[in-house]
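Secondary and tertiary structure notes
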Amino acid sequence: MGKSKITVRDMTFIGLFAVVIALCAWLSIPAPIPFTMQTFGVFMAVGVLGGRRGSLAVFVYLMLGVLGLPVFAGFQGGIGRLLGMTGGYIVGFQVAALTMWLMERFVGKKRWGLALSMVLGLILCYLFGTVWFVVVHAQQMGPVGFWTALSTCVIPYIIPDLVKIFIALSICKQVAKAIRIS
């Protein structure tokens, strides 16, 4: 893939992984912040497609949601979901993908680098989403402490998200090889 050219094949895989992320959003356990597989979809998109195409897949996913397609958890979509209390975590998926791409630029596509980028991306997604949650919660329902937000919005999700990272790391290389991603 050239530096500035995106081929039809690239666009196909970007679209396919945007759909994978949407499917992962629909696999959810209802909660104030639903337990979903979205982070797994993000990790797979960047892990399989690489930073540039993976980040574009996440962007396409977000734009489909902004346009109102029901690609977010609970078969929801629309800009209102992104502007709500949990919208920062959804936008944080892009932060995670861009972080992974940046790490890829520095350490290449080594497995340890991908693992580190996934963990760092997840941490930044949590941070971005939690700050967003605190700000929107304060505007809509009153102040909430950062530690209270962490205990509600992050701590219950850490172990499931680390399992998703482990699974994504276990299969990214094989999936990329199977679909002949360069």
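Residues numbered from 1 in each chain as written. Predicted model: local features only at pLDDT ≥ 70, side-chain atom pairs only at ≥ 80, totals over all residues. Heavy atoms only, no water.

As for the overall build of the chain
In terms of helices and strands, the chain carries eight helices and two strands. Counted from the first residue to the last, the chain has its helices and strands arranged as α-β-β-α-α-α-α-α-α-α. Here the chain has a C-alpha radius of gyration of 16 Å; the compact-globule value for 182 residues is 16 Å, and the two agree. Dimensions along the principal axes, computed over C-alpha positions, put the chain at roughly 50 × 35 × 30 Å. (Helix = DSSP H or I, 4+ residues; strand = E, 2+ residues; numbered from the N terminus. Rg over C-alpha atoms; globule rule 2.2 N^0.38 Å.)

Concerning the packing of helix H2 (residues 38-49) against helix H8 (residues 158-178)
Between H2 and H8, whose axes approach to 9 Å, the crossing angle comes to 30 degrees. Considered as vectors, H2 and H8 are oriented roughly parallel to each other. As H2 runs across H8, the sense of the crossing is right-handed. Judged by residue contacts, Thr39, Phe40, Phe43, Met44, Gly47 and Val48 of H2 engage Asp161, Lys164, Ile165, Ile167, Ala168, Ile171, Cys172, Val175 and Ala176 from H8. The residue makeup of the contact of H2 with H8, split by class, is 11 nonpolar, two polar and two charged. (Axes fitted to C-alpha atoms, helices over the stretch in contact; angles between N-to-C directions. Parallel < 35°, antiparallel > 145°, perpendicular 65-115°, else oblique. Left-handed = near helix turned anticlockwise from the far one by under 90°. Contact = heavy atoms within 4.5 Å. Nonpolar A, V, L, I, M, F, W, Y, C, P; charged D, E, K, R; others polar.)

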